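Structure assessment
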Amino acid sequence: MRLGFLIRITVFLIVSLTVGIGSARWLIARNANAVAVSAGAWKIWLVGGGGADDPYGTAHYLITGRLPPANRVRIYETERDDDGVLFDSDCVYKVSGAARGARWWEIAIIDPLAGPVFDANAPMNGISSAQIIGDADGTFTVTISREPKPGNWISPGELTRYALTLSLRSARPHQTIEPAEALPRIAKGECL
C-alpha cells in the first residue's frame with residue numbers, strides 16, 4: 001500500500017515539474033521578445049532601468065545562457081539588417097557608425113538560440129573599441145563575412161543563422177547613451 005502511494009506521489013511530482021517548468025519557459029520566451037524596445041534594426045531588453053528590474057528582460061538573457069548586463073552597460077541585439085532582412089551567412093555586411101557617448105563598445109556575433117559562440121578554433125566573431133581601426137572622422141566600419149576581409153572583420157563561422165550584439169558601456173555613471181548617436185548602420189553587400 002505504501003509503495004503504490006509513493007509511486008503516485010513521484011509520478012505526480014514529475015508531471016507537475018515538467019508542466020510547470022515547460023510552461024514557464026514558454027511564457028518567458030514568448031513575453032521576453034514582446035518587451036524589447038526597438039531602435040532601427042536594433043532591439044534592447046531593459047533589465048534595470050528606474051530601480052525595478054524587468055523580469056522578462058532578465059529572462060531574455062538567462063534563457064540563452066547569458067548574464068544580464070551590468071548597470072552602465074546596454075546590450076542591443078539584431079538578427080536583421082537595416083532593410084529588415086534576416087542575416088544570411090553567405091552574404092557580406094558592413095556595420096558602420098561612430099558609437100558616440102560610449103566609453104567602450106563591442107560588436108559580436110551570437111547564435112540566436114544558444115547565445116555567445118565560444119570556440120577557440122572558430123574565426124574572430126567579435127571586435128571591440130580597443131581593437132578597432134577607426135577612420136579619421138571618428139567613425140568605423142566592420143565587415144561581416146565568412147572569408148577574411150581587410151580592415152575590421154568578424155565572421156559568423158559555421159553558423160547559418162546568427163545575430164549581432166552591440167554592447168555599450170557609458171563613459172560616466174548615470175549617463176544615458178542616445179541610440180541615434182551610438183547605434184551603427186548595417187548594410188548588406190554581395191552574396192555568394
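Refer to the structure presented above.
Reading the values: the criteria
Residues take numbers from 1 onward in each chain, read along the sequence in its written order. Two thresholds apply to this predicted model, a pLDDT of at least 70 for residue-level local features and 80 or more for giving and counting side-chain atom pairs, whereas whole-chain, interface and lining totals are computed over all residues. The side-chain values count all of the structure's non-hydrogen atoms but skip hydrogen atoms and water molecules. Counting from the N terminus, the helices are the DSSP runs of H or I reaching at least four residues and the strands are the DSSP runs of E reaching at least two. To sort residues, take the accessible area from a 1.4 Å probe on protein chains only and compare it with the maximum for the residue type: under 20% means buried, over 50% means exposed, and anything in between is partly exposed. Residues count as neighbours in contact if any of their non-hydrogen atoms are within 4.5 Å of one another. In these tables, accessible area is a Shrake-Rupley quantity obtained with a 1.4 Å probe, and a residue counts as shielded only by the protein chains included in the view. Strands were regarded as paired on the criterion that DSSP finds at least two bridges between them. Nonpolar cores are built from buried Ala, Val, Leu, Ile, Met, Phe, Trp, Tyr and Cys residues. Side-chain atoms within 4.5 Å join them into one set. For this analysis, a polar contact is any N or O atom pair within 3.5 Å, provided that within protein one partner can donate a hydrogen and the other can accept it, and provided that sequence-adjacent residues contribute only side-chain to side-chain pairs.

A tally of regular secondary structure across the chain gives 3 helices and 11 strands. Listed by position from the N terminus, the elements making up the chain come as α-β-β-α-β-β-β-β-β-β-β-β-α-β. Out of the 192 residues in the chain, the part that is buried amounts to 35%. Look at the contacts in the chain between residues 6 or more apart in sequence, and 68% of them connect residues 24 or more apart. Here the chain has roughly 11,600 Å² of accessible surface; of this, 59% comes from carbon and sulfur atoms.

When a strand is regular, its side chains alternate between the sheet's two faces. The element strand S3 (residues 73-78) is largely enclosed, with a buried count of 5 among its 6 residues. Here strand S2 (residues 42-44) runs beside S3; their pairing, made up of 2 bridges, is antiparallel. Bridge assignment links Ile44 to a residue of S3, and that residue is Tyr76. For S3 and strand S10 (residues 163-170), the ladder comprises 6 bridges, and the chain directions are antiparallel. Along S10, the bridge assignment pairs Ile75 with Ser167.

Moving on to the nonpolar core. Counting residues in hydrophobic clusters, the biggest one holds 24 residues, and the most contacted among them are Trp105, Ile107, Val142, Ile144, Leu164 and Leu166. In this structure Val142 touches Tyr93, Lys94, Val95, Ile107, Ile127, Ile132, Asn152 and Ile154, once residues within four positions along its chain are discounted.

With respect to the secondary-structure elements, Ser155 resides in the loop between strand S9 (152-154) and S10. Accessibility expressed as a relative area gives 2% for Ser155, which makes it buried. Reaching out from Ser155, the side chain makes a polar contact with the backbone oxygen of Ser145 at a distance of 3.4 Å. A distance of 2.9 Å separates a polar atom in the side chain of Ser155 from the backbone nitrogen of Gly157.

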